[in-house]
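# Structural overview for review
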Amino acid sequence: IAASPPIIFADEPTGNLDTKNSQDVVDLLLKASRYYQQTILMITHNTNLTSCMDRVLRVRDGRLKDLGGVQA
(Lines give C-alpha, C1' and ligand atoms only; values in the text may rest on other atoms or scores of the structure.)
Protein backbone atom coordinates (compact mmCIF):
# COMPACT_ATOMS: atom_id res chain seq x y z
CA ILE A 1 0.00 0.00 0.00
CA ALA A 2 2.82 2.39 0.88
CA ALA A 3 4.35 2.15 -2.62
CA SER A 4 0.95 3.08 -4.16
CA PRO A 5 0.63 0.19 -6.62
CA PRO A 6 -2.31 0.50 -9.05
CA ILE A 7 -3.69 -2.87 -7.89
CA ILE A 8 -3.61 -4.43 -4.42
CA PHE A 9 -3.97 -8.21 -4.34
CA ALA A 10 -5.26 -9.31 -0.93
CA ASP A 11 -5.70 -13.06 -0.35
CA GLU A 12 -7.77 -13.55 2.81
CA PRO A 13 -6.39 -10.38 4.47
CA THR A 14 -8.66 -10.92 7.48
CA GLY A 15 -8.48 -14.72 7.63
CA ASN A 16 -7.25 -15.09 11.23
CA LEU A 17 -8.55 -11.87 12.72
CA ASP A 18 -11.44 -11.17 15.05
CA THR A 19 -14.41 -9.11 13.84
CA LYS A 20 -13.13 -5.72 14.99
CA ASN A 21 -9.64 -6.14 13.57
CA SER A 22 -11.07 -7.55 10.34
CA GLN A 23 -13.16 -4.43 9.89
CA ASP A 24 -10.17 -2.22 10.74
CA VAL A 25 -8.08 -3.91 8.03
CA VAL A 26 -10.85 -3.56 5.44
CA ASP A 27 -11.41 0.08 6.39
CA LEU A 28 -7.69 0.77 5.98
CA LEU A 29 -7.60 -0.95 2.57
CA LEU A 30 -10.66 0.95 1.36
CA LYS A 31 -9.40 4.29 2.66
CA ALA A 32 -6.00 3.80 1.02
CA SER A 33 -7.51 2.61 -2.25
CA ARG A 34 -9.74 5.66 -2.49
CA TYR A 35 -6.98 8.08 -1.55
CA TYR A 36 -4.42 6.58 -3.94
CA GLN A 37 -7.02 5.54 -6.55
CA GLN A 38 -6.07 1.87 -6.33
CA THR A 39 -8.02 -1.23 -7.23
CA ILE A 40 -8.28 -3.95 -4.59
CA LEU A 41 -8.70 -7.55 -5.66
CA MET A 42 -9.58 -9.38 -2.46
CA ILE A 43 -10.21 -13.09 -2.02
CA THR A 44 -12.32 -13.85 1.05
CA HIS A 45 -14.71 -16.42 2.47
CA ASN A 46 -16.14 -13.77 4.80
CA THR A 47 -19.35 -12.62 3.12
CA ASN A 48 -19.77 -9.87 5.73
CA LEU A 49 -16.85 -8.02 4.14
CA THR A 50 -18.43 -7.96 0.70
CA SER A 51 -21.14 -5.46 1.65
CA CYS A 52 -18.72 -2.53 1.48
CA MET A 53 -17.16 -3.46 -1.88
CA ASP A 54 -17.99 -1.88 -5.24
CA ARG A 55 -18.20 -5.20 -7.07
CA VAL A 56 -18.34 -8.79 -5.81
CA LEU A 57 -17.56 -11.80 -7.99
CA ARG A 58 -18.66 -15.17 -6.65
CA VAL A 59 -16.97 -18.49 -7.39
CA ARG A 60 -18.56 -21.84 -6.64
CA ASP A 61 -16.90 -25.20 -7.28
CA GLY A 62 -14.12 -23.49 -9.20
CA ARG A 63 -16.45 -21.66 -11.57
CA LEU A 64 -17.42 -18.01 -11.72
CA LYS A 65 -21.11 -17.91 -10.82
CA ASP A 66 -21.90 -14.22 -10.41
CA LEU A 67 -20.23 -11.28 -12.12
CA GLY A 68 -21.52 -8.97 -9.42
CA GLY A 69 -22.84 -5.73 -10.77
CA VAL A 70 -21.41 -2.45 -9.62
CA GLN A 71 -22.81 -1.45 -6.22
CA ALA A 72 -24.47 1.97 -5.93
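Data block above holds the structure.
First things first, this report covers the structure right here in the doc. (Residues numbered from 1 in each chain as written. Predicted model: local features only at pLDDT ≥ 70, side-chain atom pairs only at ≥ 80, totals over all residues. Heavy atoms only, no water.)

What follows covers the overall build of the protein chain. Regarding its fold elements, the protein chain presents one helix and four strands. From first element to last, N terminus to C terminus, the protein chain shows the α and β order β-α-β-β-β. Dimensions of the protein chain along its principal axes, counting C-alpha atoms only, are 35 × 25 × 25 Å. For the protein chain, restricting intrachain contacts to residue pairs at least 6 apart in sequence, the fraction spanning at least 24 positions comes to 39%. (Helix = DSSP H or I, 4+ residues; strand = E, 2+ residues; numbered from the N terminus. Contact = heavy atoms within 4.5 Å.)

On to the packing of aromatic side chains, then. Applying the stated criterion across every chain yields a total of one aromatic pair. When the ring of Tyr35 is compared with that of Tyr36, the centres are 4.8 Å apart and the planes differ by 90°; the resulting orientation is edge-to-face. Among the residues examined, Tyr35 registers a relative accessible area of 64% and is labelled exposed. A relative accessible area of 41% means that Tyr36 is categorised as partly exposed. (Phe/Tyr/Trp six-rings, centres within 6.5 Å; stacked < 30°, edge-to-face > 60°. Buried < 20%, exposed > 50% of the residue type's maximum accessible area, 1.4 Å probe, protein only.)

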